[in-house]
Amino acid sequence: MNRILLAASTLAAVPTFAQTPPAVQPQAAAASSDAAPGAAKPAPTMRPTTGPSARRHRPSRAEFRVRAANLKATQEPATSAFVNAVQVYPFAEGVLYRLFAAPEKVTDIALQPGEAIVSVAAGDTARWTVGDTTSGADETKRVHILVKPFAAGLSTNLVITTDRRAYHLQLESTSGTAMAALSWTYPQDELIAIRRQQASAEAARPIAAGLRVEQLDFGYVITGEKPGWRPLRAFDDGRQTFIEFPASVAVSEAPPLFVIGAQGDAQLVNYRMSGRFYVVDRLFDAAELRLGTKKQSVVRISRSTGERRARRTS
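Residues numbered from 1 in each chain as written. Predicted model: local features only at pLDDT ≥ 70, side-chain atom pairs only at ≥ 80, totals over all residues. Heavy atoms only, no water.

1. Description of the nonpolar core
Then, in step 1: Ile109, Leu169 and Trp184 are the most contacted members of the largest nonpolar core, which has 22 residues in total.
Then, in step 2: Listing elements by their share of this core, those giving two or more residues are β4 (96-101), β8 (142-149), β9 (155-162), β10 (166-173) and β11 (181-185).
Then, in step 3: Within the second largest apolar cluster, 18 residues are counted, among which are Ile222, Trp229, Ile243 and Phe284. (Core = buried A, V, L, I, M, F, W, Y, C linked by side-chain atoms within 4.5 Å. Buried < 20%, exposed > 50% of the residue type's maximum accessible area, 1.4 Å probe, protein only. Helix = DSSP H or I, 4+ residues; strand = E, 2+ residues; numbered from the N terminus.)

Structure representation (structure tokens):
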């Protein structure tokens, strides 16, 4: 009796062909009807249409524009720009400077002497070592950023901000080729230095050759408004008239000079600027400096009345 009950219970647990099969999804049914009899069903293909995976395969137009701009702005090492083993780039705002490094080798990034670091940021700090040190002292003190990758085939970027500028570098690690060092020249700073030297030389140069103090006549009066460019004094040597301006005239708009005739009419006169002096190749009794359109500033320069000093005719 026990054996019969066991067999019956076992049979009850086994499904029979009389049981109703599970419902088939319409899509699956359609697929099975199209397949050849006895053919294996194809595995479903996953095609992401949205999300990060889709964007990775199909970059947007904006991404292409960014890539093109970065490629155009990248400055590669040049053979002619090496000074011994140091690659010397000309600095410009917004340029990406390429740096090749290698595992177990340190590359030195030397900044401008006297330049101080504000911050250093690397895109990959887990697989790149970035540190800094200095060389020199006082005016020759120089900051050095030292970089080293842990492996070949790595790529990241480095941004260095200082009290003078921002540097953008593109770091690439190779299996063994590494740049020993790189630095920059600064054309804009050099141009400013040249202009300052020229301005100093111009200021030190005499406004005219052969001037003798005893022959100078300072008998001129300056009246009128008081703009920032108002002349300090005027004088002549019996042949030319000199008008001295404050140093600020070098960075402001210079006013034109008009000679006032006997009838009160104003006429432009030829003159040249030497440092902060107007040099007029003639004498005049009255002249005006005028600047402005809606609200014009006018400063008058008049020679004192009376006979010219006797020493001028002696």
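2. Thoughts on the sheet that holds strand β17 (residues 271-274)
Then, in step 1: If you trace the four strands from one edge of the open sheet to the other, you get β13-β14-β18-β17, paired in antiparallel fashion. A single partner strand is all that each edge strand has here, and the edge strands are β13 (233-236) and β17. The average undirected angle you get between the axes of adjacent strands in this sheet is 20°. (Pairing = 2+ DSSP bridges. Axes fitted to C-alpha atoms, helices over the stretch in contact; angles between N-to-C directions.)

3. Quick look at the sheet that holds strand β7 (residues 128-135)
Sheet strands pair by backbone hydrogen bonding; their relative direction is either parallel or antiparallel.
Then, in step 1: Taking strand neighbours across the sheet as the criterion, the six strands line up as β2-β3-β11-β5-β8-β7 in an open arrangement whose pairing is mixed. Each edge of the open sheet is held by one strand with a lone partner, namely β2 (82-83) and β7.
Then, in step 2: Pairing of strand β5 (residues 107-110) with β11 involves two bridges; the strand directions are parallel. If you follow isoleucine 109 over to β11, its bridge partner there is leucine 182.

4. Regarding the side chain of threonine 174
Then, in step 1: Along the chain, threonine 174 turns up in the loop between β10 and β11.
Then, in step 2: At 2.6 Å, the side chain of threonine 174 and the backbone oxygen of threonine 177 are in polar contact.
Then, in step 3: For threonine 174, the residues in contact, after removing those within four places along its chain, are Phe100, Ala101, Ala102, Pro103 and Ala152. (Polar contact = N/O pair within 3.5 Å; in protein donor to acceptor, adjacent residues only side chain to side chain. Contact = heavy atoms within 4.5 Å.)

5. Re the pairing of β4
Sheet faces and side chains relate simply in a regular strand, where the side chains alternate between the two faces.
Then, in step 1: Where burial is concerned, most of β4 is hidden: five out of the six residues are buried.
Then, in step 2: Inspection of the sheet shows strand β1 (residues 74-75) paired to β4 by two bridges, in the parallel sense. Residue pairing across strands places threonine 74 opposite leucine 96, the latter belonging to β4.

6. As for the pattern of salt bridges
Then, in step 1: For the structure shown, the criterion picks out 10 salt bridges.
Then, in step 2: Here aspartate 281 and arginine 272 are joined by a salt bridge, their closest N and O atoms 3.3 Å apart.
Then, in step 3: Judged by relative accessible area, which is 39%, arginine 272 ranks as partly exposed.
Then, in step 4: Between aspartate 285 and arginine 303 there is a salt bridge; the shortest N-O distance is 2.6 Å. Of this pair, aspartate 285 sits in the loop between β18 (277-280) and β19 (286-291) while arginine 303 sits in strand β20 (residues 297-303), placing them 18 residues apart in sequence.
Then, in step 5: Overlapping salt bridges, with partners in common, bring together Glu76, Arg98 and Glu172 in one network. (Salt bridge = Lys/Arg side-chain N within 4 Å of Asp/Glu carboxyl O.)

7. Observations regarding the environment of glutamine 112
Then, in step 1: Relative to the helices and strands, glutamine 112 resides in the loop between β5 and β6 (117-122).
Then, in step 2: Considered as a pair, glutamine 112 and threonine 185 are 73 residues apart in the sequence and their alpha carbons are 8.3 Å apart.
Then, in step 3: For glutamine 112, the residues in contact, after removing those within four places along its chain, are Arg142, Arg164, Arg165, Tyr167, Tyr186 and Asp189.
Then, in step 4: There is a polar contact of 2.9 Å between the side chain of glutamine 112 and the side chain of arginine 164.

8. Some thoughts on the packing of aromatic side chains
Then, in step 1: Per the counting criterion, the structure on display carries 12 aromatic pairs.
Then, in step 2: Aromatic ring contacts, followed pair by pair, group Tyr89, Phe91, Tyr97, Tyr167, Trp184 and Tyr186 into a single cluster.
Then, in step 3: We note arginine 165 situated over the ring of phenylalanine 91; from NZ or CZ to the ring centre the distance is 5.2 Å.
Then, in step 4: Of note, arginine 290 hangs over the ring of phenylalanine 258, and the distance from its end group to the ring centre comes to 5.1 Å. (Phe/Tyr/Trp six-rings, centres within 6.5 Å; stacked < 30°, edge-to-face > 60°. Lys NZ or Arg CZ within 6 Å of the ring centre and 35° of its normal.)

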